[in-house]
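# Examining the three-dimensional arrangement
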Amino acid sequence: MTYKLLLLPGDGIGPEVTAEVERVLNWFQKHRGFAYTAERALVGGAALEAEGAPVSKATMQLALDADAILFGAVGGPKWDANPFDKKPERALLRLRKELELFANLRPAICFDALKDASTLRPEVVSGLDILIVRELTGGVYFGEPKEITTLPNGERRAVDTQVYTTSEIERIARVAFALARLRSNNVASAEKSNVMVSGVLWREVVQTIHDKEFPDVNLTHILADNCAMQLVRRPKQFDVIVTDNLFGDVLSDEAAQATGSIGMLPSASLGAKDPKTGKQRGFYEPIHGSAPDIAGKGLANPLASILSFAMCLRYSFARVEDASLLERAVEAVLNNGLRTGDIMQPGKTQVGTKAMGDAVLASLDAMAKS
Ligand code: IPM
Ligand code: MG
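Once a new chain begins, its residue numbering starts again from 1 and follows that chain's sequence as written. Following the order in which they are written, the chains are lettered starting with A and the ligands numbered starting with 1. Owing to the predicted nature of the model, reporting of local features is limited to residues with pLDDT of at least 70; listing and counting of side-chain atom pairs is limited to 80 or more, with chain, interface and lining totals taken over all residues. For the side-chain quantities, the full set of heavy atoms in the structure was used; hydrogens and water were omitted.

Between Glu144 and the following residue, Pro145, the backbone shows a cis peptide bond with an omega angle of 0°. In this text, helices come from DSSP runs of H or I with a minimum length of four residues, and strands from runs of E with a minimum of two, each type numbered from the N-terminal end. By secondary structure assignment, the location of Pro145 is in strand S6 (residues 143-150). Phi at Asn185 takes a positive value of approximately 70°, unusual for a residue other than glycine. Checked against the element boundaries, Asn185 lands in the loop between helix H6 (166-181) and strand S8 (186-191).

If you want it as structure tokens, here you go:
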């Protein structure tokens, strides 16, 4: 079996961190029988410049054909003033929607070596391991109407539409419950059922799926604003948090910052399993952005991208041992005191992107031998 990968490095630090992932891919090919072919294509601002759209038709086709997609980052100040449909971020939204990547998995893990790096007290975050399961193809991101119109009195009026159907809520709830079973078996479902009817339906459907299919999992319902507060108050009370597209966007940034290692966190976006072939689309990206201020300087932290590839090994290819090997290699590098600028601490050794990649490879070599 040869895996077909598509690499979409994108903008800013995207290409630099993706280059380190490619070295890791090679290592797994050489040492662990990970046979793959990799196509490369442009997305975001890079694609706008060269191809006139944030993601071209040809690239969409490559994405549809790939077994898994490794994505870097998109966006930058150069395109900030672009009209809505010419913003680099549209690439991400189109890929999510057309590949039907409805389940976004965002782990917020506090690495032991980095527990002093959080703005929260070490005892609050030490050992933190949360998984945010964000609905990714519905809600206010895609609901229609979505428009700015001019009223008869000349005033302008903007509308975004929050919309969810039963089946959209059911499938994301199933993902969250199934993942909780592999962890501590707790799901918190966050919505605003006190003010939004979409929240009322969300809560009802999550409860129904729980009662019918996952009665063994502990389920709590929490209002999204309270969830935001609890995440900084006592984050370790959470295991899996399932929530909609917009709340998931906000809560996942908050959870990431709580870990103190936002530059370290990977993510996976998954589609539905094809009932016939068992195939499931997988899209992997670091949750940090394109960081234009440090782009091209060799300073970026490649670990979130490398850990995203670990998620790819686990979720797209069921290579659980390889995934955990890679995760342990990254932890070893941190334990050895190596840090990129974003996670630098007193007394540690600051390195650049490439040296961090070198260290991960060396750590993989060492582990493969032992
Ligand atoms: C994210 C990002 C995106 C989102 C942007 C870049 C469109 O913030 O993946 O969390 O809002 O979903
Ligand atoms: Mg976001």
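A few words now on the site of ligand 1. Note on definitions. A residue lies near a molecule or strand when any single heavy atom of the residue is within 4 Å of it. By nearness alone, every residue bordering ligand 1 is listed as Glu89, Arg96, Arg106, Arg134, Tyr141 and Asp249. Nitrogen and oxygen atoms within 3.5 Å of one another constitute a polar contact, given that in protein one can donate a hydrogen and the other can accept it, and given that sequence-neighbouring residues count only through two side-chain atoms. In the environment of ligand 1, an oxygen atom lies 2.7 Å from a nitrogen or oxygen atom belonging to the side chain of Arg96. With respect to ligand 1, the side chain of Asp249 contributes an N or O atom lying 2.8 Å from an oxygen atom. Note on areas: these come from Shrake-Rupley sampling with a 1.4 Å probe, and a residue is covered only by the protein chains present in the view. Across the complex, the protein chains shield 71% of the 320 Å² of accessible surface that ligand 1 would expose by itself.

Here an axis means a line fitted to C-alpha atoms, over the contact stretch when the element is a helix, while the angle between two N-to-C directions is reported on a 0 to 180 degree scale. As a packed pair, helix H10 (residues 303-315) and helix H11 (residues 320-335) sit with axes 7 Å apart at the nearest point and diverge in direction by 160°. Taken together, H10 and H11 sit at an angle that is classed as roughly antiparallel. In this structure, H10 meets H11 at a crossing whose hand is left-handed. Seen from H10, the contacting residues are Leu303, Ile306, Leu307, Phe309, Ala310, Leu313 and Arg314; seen from H11, they are Val320, Asp322, Ala323, Ser324, Leu326, Glu327, Val330 and Leu334. Each residue is assigned to one of three groups, with Ala, Val, Leu, Ile, Met, Phe, Trp, Tyr, Cys and Pro labelled nonpolar, Asp, Glu, Lys and Arg labelled charged, and all others, Gly among them, labelled polar. Per-class residue counts for the contact of H10 with H11 are 11 nonpolar, 1 polar and 3 charged. The cut-offs work like this: below 35 degrees is roughly parallel, past 145 is roughly antiparallel, 65 to 115 is roughly perpendicular, and the gaps in between are oblique. Crossings are classed by handedness, with left-handed meaning an anticlockwise turn of the near helix from the far one by less than a right angle and right-handed meaning a clockwise turn. Contacts were defined at the residue level, with two residues in contact if any of their heavy atoms lie within 4.5 Å.

So, about the domain arrangement of the protein. A common way to report how large an interface is uses the accessible area buried once the components associate. Per the domain assignment, the segments making up the protein are domain 1 (1-102 + 277-370) and domain 2 (105-270). Note that the domain bounds were set by an automatic or database domain assignment. Relative placement of domain 1 and domain 2: their C-alpha centres are 23 Å apart. Each partner contributes residues to the interface: domain 1 has 31 residues there, and domain 2 has 29 residues. In total, domain 1 and domain 2 occlude about 2,800 Å² of area from one another, counting both sides; carbon and sulfur atoms represent 66% of this. By definition here, a salt bridge exists when the distance from a side-chain nitrogen of Lys or Arg to a carboxyl oxygen of Asp or Glu is within 4 Å. Summed over the shared surface of domain 1 and domain 2, the result is 0 salt bridges. Where domain 1 packs against domain 2, one counts 8 residue pairs in polar contact (both at pLDDT 80 or more). At the level of secondary structure, the elements contributing two or more residues to the side of domain 1 that touches domain 2 comprise helix H4 (89-98), strand S12 (280-286), H10 and H11. Among the elements that make up the side of domain 1 that touches domain 2, the one with the highest residue count is S12 (7 residues). Summed over both partners, the accessible area (1.4 Å probe) lost when two parts come together is defined as the buried area.

Here, any two strands with at least 2 DSSP bridges between them count as paired. Within the open sheet, the 10 strands sit side by side as S2-S1-S3-S12-S11-S4-S5-S10-S8-S9. Their pairing is mixed. In this open sheet, the two edge strands, each paired with only one partner strand, are strand S2 (36-40) and strand S9 (218-223). Mean inter-strand twist for the sheet, computed between neighbouring axes without regard to direction, equals 20°. Here S8 pairs with strand S10 (residues 240-243) via 4 bridges, running parallel.

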